[in-house]
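Structural characterization, general
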Amino acid sequence: MATSSQTPAAPPLIGFRLLPRRPRAGTAIAAKVEQLLDLGVREARHQAEHALVERLVAQANRSVAELSQQVTARLDEVAALAVELGLGIAREIVGAALDQGLVDPTPTVVRCLRDCVHGAAPTDLVVRLHPDDLGLVQQRLQQFTEVQDEVAAARFVADATVPRGGVRAETEAGRLRYDPREALERVAAEAPEVMVAARA
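Summarised in this report is the structure supplied together with it.

Rules behind the numbers
Residues numbered from 1 in each chain as written. Predicted model: local features only at pLDDT ≥ 70, side-chain atom pairs only at ≥ 80, totals over all residues. Heavy atoms only, no water. Pairing = 2+ DSSP bridges. Helix = DSSP H or I, 4+ residues; strand = E, 2+ residues; numbered from the N terminus. Axes fitted to C-alpha atoms, helices over the stretch in contact; angles between N-to-C directions. Contact = heavy atoms within 4.5 Å. Salt bridge = Lys/Arg side-chain N within 4 Å of Asp/Glu carboxyl O. Buried < 20%, exposed > 50% of the residue type's maximum accessible area, 1.4 Å probe, protein only. Patch = residues over 30% accessible without salt bridge, like charges linked within 9 Å, V, L, I, M, F, W, Y side chains within 5 Å. Areas by Shrake-Rupley, 256 points an atom, 1.4 Å probe, with all protein chains shown as cover. Core = buried A, V, L, I, M, F, W, Y, C linked by side-chain atoms within 4.5 Å.

Reading across the sheet, the four strands line up as 2-1-3-4 and stay open at both edges, with mixed pairing between neighbours. Across the chains shown, the open sheet's two edge strands, defined by having one partner strand only, are strand 2 (155–158) and strand 4 (174–178). Neighbour to neighbour, the strand axes of the sheet diverge by 15 degrees on average, direction disregarded. Where strand 3 (residues 167–171) meets strand 4, five bridges bridge the pair, whose relative direction is antiparallel. In the strand pairing of strand 4, Glu-170 is matched with Arg-175. In the packing of helix 2 (residues 106–115) onto the sheet, contacts are made with strand 1 (126–129), strand 2, strand 3 and strand 4, and the angle to strand 3 comes to roughly 10 degrees.

Here is the structure:
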């Protein structure tokens, strides 16, 4: 009997190895593009919001500046009206006080006796007063002992052209005229300039 020699069968060489599924190249690029587009949209939205906030802040600043100017203008108007009202009331009060003889010109006469005689002889001084004020002033001058020599040397004249409360003093050296109404009108005329200077 013939014998045959056989080699043993080798195991098969085929094997399987499972690998993770790779995404297709086109899908990955599309996802990146979508992310970039989304990032661009968000950045554009952020810039638009930032620009809107800047515009709102600028508008608010302009509104505050305009409001400040408007308030200042209104305050100036109110101040001018208040001054005008105050001067109108002062005119009424001073006028009523003068008409009722409540304004005493004696202190003005005393100043005239002290100051207006400089450069002139005391006998040159003529003091003109409203007739209704003359007697009262001469009576009250007796209380001012320091000017009694000047009172004795001066000449006091009743003059109806002098307003109540007013004084006109005349010497060879010059004249002095005091009228409370005129003094108030000078103050009223200067008030607007004073207000402008105070605001500057």
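Further notes follow.
The next thing to look at is the environment of Gln-138. When you line up the elements, Gln-138 lands in helix 3 (residues 131–140). Between the C-alpha atom of Gln-138 and that of Phe-156, which follows or precedes it by 18 residues, the distance is 8.4 Å.

With that settled, the discussion passes to the pattern of salt bridges. Tallied over the full model, the rule gives seven salt bridges. A salt bridge links Glu-146 to Arg-114, with the shortest nitrogen-to-oxygen separation between them at 2.4 Å. Placement of Glu-146 in the loop between helix 3 and helix 4 (148–153) and of Arg-114 in helix 2 is noted, with a sequence separation of 32 residues between them. Here Asp-133 makes a salt bridge to Arg-164, at a shortest N to O gap of 3.0 Å. One end of the pair, Asp-133, is in helix 3; the other, Arg-164, is in the loop between strand 2 and strand 3, and 31 residues separate them in sequence. No difference in accessibility class separates Asp-133 from Arg-164, as the two residues are buried.

Bridge count for strand 1 against strand 2 is four bridges, and the pairing is parallel. Looking at the pairing, Val-127 lines up with Phe-156 of strand 2. Relative to strand 3, strand 1 is paired through four bridges, and the arrangement is antiparallel. Residue pairing in the sheet places Val-126 in a bridge with Glu-170 of strand 3.

Before going further, it helps to examine a nonpolar patch on the surface. On the surface, a cluster of nonpolar side chains totalling about 290 Å² of accessible area is made up of Ile-29, Val-33 and Leu-37. Examined against the element boundaries, Val-33 turns out to sit in helix 1 (residues 25–99).

So, on to the side chain of Asp-159. Note that Asp-159 resides in the loop between strand 2 and strand 3. Contact partners of Asp-159, with chain neighbours within four places excluded, come to Arg-128, Leu-129, His-130, Pro-131 and Arg-168.

The biggest cluster of nonpolar side chains holds 16 residues, and the ones touching the most others in it are Val-109, Leu-113, Val-127, Leu-129, Leu-141 and Phe-156. Among the elements that line this core, the one with the most residues is helix 2, at four residues. Setting aside residues up to four positions removed in sequence, Val-109 forms contacts with Val-127, Leu-129, Val-137, Leu-141, Phe-156 and Val-167.

No statement about biological role is implied by the geometric values presented.
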